[in-house]
Amino acid sequence: ITITSDNTLGGELAAEHLHRMGHRHIAVNLALSHPTRMERYQSFLGRMKLLDPDCRIDGVEEKPGQGITRTLLRYFDSVDPVPTALFFPAGGFAQIFYEEAVLSDPERFRNLSIMSYDRPSDFWPPHERIYDFDRIEFRSEDLMNWTEYYIINRPMMENRTPIHTSIRTTLKVVGSVKRIV
């Protein structure tokens, strides 16, 4: 039994939101070794290319031992033009980057829109929500409710059958993604 957020829908919702706001050059924080984040990225990339075949999507993978902030700062130092948006398929990393990079150099990142993919009840201390990002959101309670359902109803599953349940994801807009004109 697997119970996850609807990663495909979540990636598509993120792409649609950034596209609707006019973003055509977007950097995405990647982790090739994390299938969930890659599933979100692949659906994001597919939807963006469908909506705007000429858009530019830069995948930025964290280098071992460098950390997310150092990796992204090196990317921003090397890319021209800089992207107008940064999408984090795993939300806690958006908080870390904001705390370690954006707050220390707000002028450099004043035109950068940040979007994340989060469970609203799941922030890492000491990286509690410093800044509220536009995000794809799913509820931890939904994960727990489905888990409980499958545990309680185990006797009805007499045959060994794989079960995959995708819980609902939604777009939450709070204003961190700026409209590009």
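Residues numbered from 1 in each chain as written. Predicted model: local features only at pLDDT ≥ 70, side-chain atom pairs only at ≥ 80, totals over all residues. Heavy atoms only, no water.

Peer 1: Would you take a moment to explain the nonpolar core for this structure?
Peer 2: Side chains of a nonpolar character, in soluble globular proteins, are inclined to be buried together. Leu18, Ile26, Val28, Phe44, Ile57 and Phe87 are the most contacted members of the largest nonpolar core, which has 23 residues in total. Among the elements of the structure, helix H1 (7-20), strand E2 (25-30), helix H2 (35-51), strand E4 (85-88) and strand E5 (113-118) are those that each provide at least two residues to this core. Beyond its immediate stretch of four places on either side in the chain, Leu18 contacts His23, Ile26, Phe44, Ala85, Phe87, Met115 and Val177. (Core = buried A, V, L, I, M, F, W, Y, C linked by side-chain atoms within 4.5 Å. Buried < 20%, exposed > 50% of the residue type's maximum accessible area, 1.4 Å probe, protein only. Helix = DSSP H or I, 4+ residues; strand = E, 2+ residues; numbered from the N terminus. Contact = heavy atoms within 4.5 Å.)

Peer 1: Is there a simple way to think about the packing of helix H3 (residues 67-78) against helix H4 (residues 92-102) in this case?
Peer 2: The axes of two packed helices give the description: the angle between them and the distance between them. Following both chains from N to C, one finds H3 and H4 inclined at 70°, their axes separated by 9 Å at the closest point. Here H3 is positioned roughly perpendicular relative to H4, judged by the angle of their axes. The interaxial crossing formed by H3 with H4 has right-handed handedness. Contacts between H3 and H4 involve Ile68, Thr69, Leu72, Leu73 and Phe76 from the former and Phe93, Ile96, Phe97, Glu100 and Ala101 from the latter. Residues of the contact of H3 with H4, tallied by class, amount to eight nonpolar, one polar and one charged. (Axes fitted to C-alpha atoms, helices over the stretch in contact; angles between N-to-C directions. Parallel < 35°, antiparallel > 145°, perpendicular 65-115°, else oblique. Left-handed = near helix turned anticlockwise from the far one by under 90°. Nonpolar A, V, L, I, M, F, W, Y, C, P; charged D, E, K, R; others polar.)

Peer 1: Even after reading the chapter, I still don't get the environment of Tyr150, so can you show me in this structure?
Peer 2: With respect to the secondary-structure elements, Tyr150 resides in helix H5 (residues 140-152). Residues Tyr150 and Ile163, spaced 13 residues apart in sequence, show a C-alpha to C-alpha distance of 9.7 Å.

Peer 1: Looking at this structure, how should I read the confidence of the model for the protein?
Peer 2: Mean pLDDT over the protein stands at 87; residues scoring 70 or higher make up 89%. Ranking the elements of the protein by mean pLDDT puts H5 last with 76 and E4 first with 97. (pLDDT = per-residue confidence, 0-100.)

Peer 1: Which parts of the structure should I look at to understand the packing of H1 against H2?
Peer 2: Between H1 and H2, whose axes approach to 7 Å, the crossing angle comes to 40°. Comparing their axes, H2 and H1 come out oblique. Crossing handedness for the pair H1 and H2: right-handed. Here Asn7, Thr8, Gly11, Glu12, Ala14, Ala15, Glu16, Leu18 and His19 of H1 lie close against H2, whose contacting residues are Thr36, Glu39, Arg40, Ser43, Phe44, Arg47, Met48 and Leu51.

Peer 1: Looking at this structure, I do not really get the packing of aromatic side chains. What am I missing?
Peer 2: The description of an aromatic ring pair uses the distance of the two centres, along with the angle that the planes make with each other. In this structure the tally under the stated criterion is ten aromatic pairs. Residues Tyr75 and Phe76 carry aromatic rings whose centres are separated by 5.2 Å and whose planes lie at 70° to one another, so their mutual orientation is edge-to-face. Pair check on accessibility: Tyr75 and Phe76 agree, each one buried. By way of ring pairs, the aromatic residues Tyr75, Phe76, Phe88, Phe97 and Phe109 are connected into one cluster. Lying across the ring of Tyr117, Arg40 places its NZ or CZ 3.6 Å from the centre. (Phe/Tyr/Trp six-rings, centres within 6.5 Å; stacked < 30°, edge-to-face > 60°. Lys NZ or Arg CZ within 6 Å of the ring centre and 35° of its normal.)

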